[in-house]
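# Coordinates in review
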Amino acid sequence: MKLVRDVGLLYQRKLMETLRNPIYIVMSMLTPVLYLVLFSPLLKNLVPTTGGRSVLDLFVPGLLVIVAFFNGLFVGYGIIDEIRNGVIERFRATPTSRFAILAGPVLRDTTNVLVIVTVFTLVSIPFGFHPDFVGWLILLVIIIMLIITTASFGYGLGLILKEEDRLSPIVQGVNLPILLLSGVLLPMELAPTWLQVLAHFNPVYYSVEAARVLCAGTIWDAKVGYAFLFMVPLTVLVVAWATRAVRRVVA
Amino acid sequence: MPDPVVVTKDLKKYFSSRSGPVQAVDGVDLEVFPGEIFGFLGPNGAGKTTTLRILTTLAKADSGTATIAGFDVSREPGKVRRNIGYVGQAGGADRPATGRENLILQGRLYDMTPQQAKDRAAELITALDLGEFADRIAHTYSGGQLRRLDVALGIMHRPKVLFLDEPTTGLDPQNRANLWVQIEKLRDMGVTVFLTTHYLEEADALSDRLAIMDHGRIVAEGTPVELKKQVAGDTISVGLRDDSRNEAIATLLGQRPYVRDFTLDDCRLRIVVEEGSKVMPDLLRLFDQEGIEIATITLAVPTLDDVFLNKTGRTLRDTESAGGGQ
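Reading the values: the criteria
Residues numbered from 1 in each chain as written. Chains lettered and ligands numbered in written order. Predicted model: local features only at pLDDT ≥ 70, side-chain atom pairs only at ≥ 80, totals over all residues. Heavy atoms only, no water. Pairing = 2+ DSSP bridges. Helix = DSSP H or I, 4+ residues; strand = E, 2+ residues; numbered from the N terminus. Axes fitted to C-alpha atoms, helices over the stretch in contact; angles between N-to-C directions. Patch = residues over 30% accessible without salt bridge, like charges linked within 9 Å, V, L, I, M, F, W, Y side chains within 5 Å. Areas by Shrake-Rupley, 256 points an atom, 1.4 Å probe, with all protein chains shown as cover. Salt bridge = Lys/Arg side-chain N within 4 Å of Asp/Glu carboxyl O. pLDDT = per-residue confidence, 0-100. Contact = heavy atoms within 4.5 Å. Buried area = accessible area lost by both parts, 1.4 Å probe. Polar contact = N/O pair within 3.5 Å; in protein donor to acceptor, adjacent residues only side chain to side chain. Nonpolar A, V, L, I, M, F, W, Y, C, P; charged D, E, K, R; others polar.

## Considering the sheet that holds strand S3 (residues 37–41) of chain B
All names here are of chain B.
- Ordered in space as S6-S7-S8-S3-S9-S10, the six strands form an open sheet in which the pairing is mixed. Of all the strands in the sheet, just strand S6 (84–87) and strand S10 (217–222) have a single pairing partner and so form its edges. The sheet shows a mean angle of 15° between the axes of neighbouring strands, taken without regard to direction.
- Judged from the four bridges that link them, S6 and strand S7 (residues 161–165) form a sheet pairing that is parallel. The residue bridging isoleucine 84 from the neighbouring strand is valine 161, located in S7.

What follows is the structure, encoded as structure tokens:
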């Protein structure tokens, strides 16, 4: 089927790009490692842990989620470069499916995130992270939805704004509140009520909450249900919106 | 005459701006025939690119129709896309990949098998002399090399029409000349080429037929020779030693049947004639007989800029500095 083949071809194109510049993956890996080394020790005396769980069991699952979020959000810069070089327009003048023009790069980003998340999980285990394997696999599904959503959002923004100077304030403006309200850095239980209420409007918050219970080995939990309930429609919505942006982009 | 491969009828498109709607394309009627290089000349902002974007399905017209190889651009965009090649102003080569990879991917997106795409890429690399750089990453290409790859990408799937939007903008004179040779090669391959340009020399040198566009309208259409003939005629400019005989000169020129028009002020005489090279000897003899002393004499044949001036009241070179977007 042409659609599947187009997605495959355009995925392969972006994957080659990453393989030729693996430094990008290494740099992306650096962020969670820095959090692990320079931030997680601060939590030790601050966050009460119970039942043989280490502070990393609380912190790393959220970090995995935020890695997916970070990696997706900033992809808009890459597509601006491609718009400027006429690449997107060239594809649009061919019979290539508009969805494939979006999906190829998004799948590459998903691959990157899966590699980073897996490696980072393995790196964290000797430091005291004890993920439940099945729970972790289900978490990957949530992470895949999150990276598809944020990468599509990033590409959509890039396609609409077309200039780095216009993209930056929006990306930064989205980035910080979502991070602060996600409960990754510190659990939201420590927050005053109004802040907790605010967090419930943050899609990443549900994923972080689900990530913690999943890595602790609880699969049938309302928090996991909420994450899926939130992420599935959001993913569909954002992908549809970004595909529309591909269809409409004017150089 | 064979059926035209591009036909537009009363094509219109507006853009909204702060000061109200702008008529970017204002009733364009065009026909392009198989095998010709059709030039679309006009200043920046004349509506050339917008017209091209409508023809290549990248933008939608507000009214009017356009068909490519018999397919309507708004109703059958998929079929139109299979029949056209498009090289935009920005080019379109993917910089982190090699030229060959770019070509093969392009072929695959047009449903070629991997082997077909590979063979066709090799064929074009030879035909368009991309050999020395085809297997390098496109990031390392010079502007001229990138352009040649862009053109190869445009004809990878053997389209019925290739659209080139300002193909030589930003190239130095030598690379421009190279690309012209390249484009003429396409004609030899039987590719129909539709190109926009704001360079007079380019339109003149390459086009079999051309249309001149200004403010969203086509103001003239024909072969370069026809267009130039329609307008000014040739201009003979004469510098006189003194202006003492001006009245006599006016009388003499008035009697010559080949003089279409002339202006004389102080020592500068401009005579418009049909064919300058034929009448120059007679003029020189006349001045000699009458003892009118000539300091300089030059003959200027009309350019497309004279055509543009004649149709719009401005020269294309004037509009250049005014600039403006598409």
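## A word on a nonpolar patch on the surface
- A surface patch of nonpolar side chains, amounting to about 770 Å² of accessible area, comprises Ile23, Tyr24, Val26, Met27, Leu30, Leu34, Val37 and Leu38 of chain A.
- The topology assignment puts leucine 30 of chain A in helix H2 (residues 23–43).

## A few points about the confidence of the model for chain B
- Per-residue pLDDT for chain B averages 89, and the proportion of residues at 70 or more is 98%.
- Ranking the helices and strands of chain B by mean pLDDT puts helix H3 (residues 99–109) of chain B first, with 98, and helix H12 (residues 316–322) of chain B last, with 65.

## Observations concerning the pairing of strand S13 (residues 268–273) of chain B
Residue and element names in this part refer to chain B.
- Bridging between strand S11 (residues 234–240) and S13 involves six bridges; their strand directions are antiparallel. Note on S13: the bridge partner recorded for valine 238 is leucine 269.
- With six bridges joining them, strand S12 (residues 259–265) and S13 adopt antiparallel strand pairing. Each bridged residue has a counterpart across the sheet, and for phenylalanine 262 the counterpart in S13 is isoleucine 271.
- Counting the residues between successive antiparallel strands, the hairpin from S12 to S13 contains two residues, one of them, aspartate 266, with a positive phi of roughly 55°.

## Some thoughts on the interface of chain B and chain A
- Across the contact, 26 residues belong to chain B and 26 residues belong to chain A.
- The three residues of chain B that bury the most area against chain A are Leu58, Arg81 and Leu109 of chain B, which together make up 25% of that side's buried surface.
- On the surface where chain B and chain A come into contact, there are five salt bridges.
- Notably, a salt bridge pairs arginine 5 of chain A with aspartate 111 of chain B, separated by 2.6 Å at the nearest N-O pair.
- Where chain B touches chain A, the interface holds 14 residue pairs in polar contact (both at pLDDT 80 or more).
- Of all elements in the fold, only helix H2 (77–83), S6 and H3 of chain B reach the threshold of two or more residues within the side of chain B that touches chain A.
- In terms of residues, the side of chain B that touches chain A owes the most to one element, H3 of chain B, which gives six residues.
- Split by residue class, the side of chain B that touches chain A holds twelve nonpolar, six polar and eight charged.

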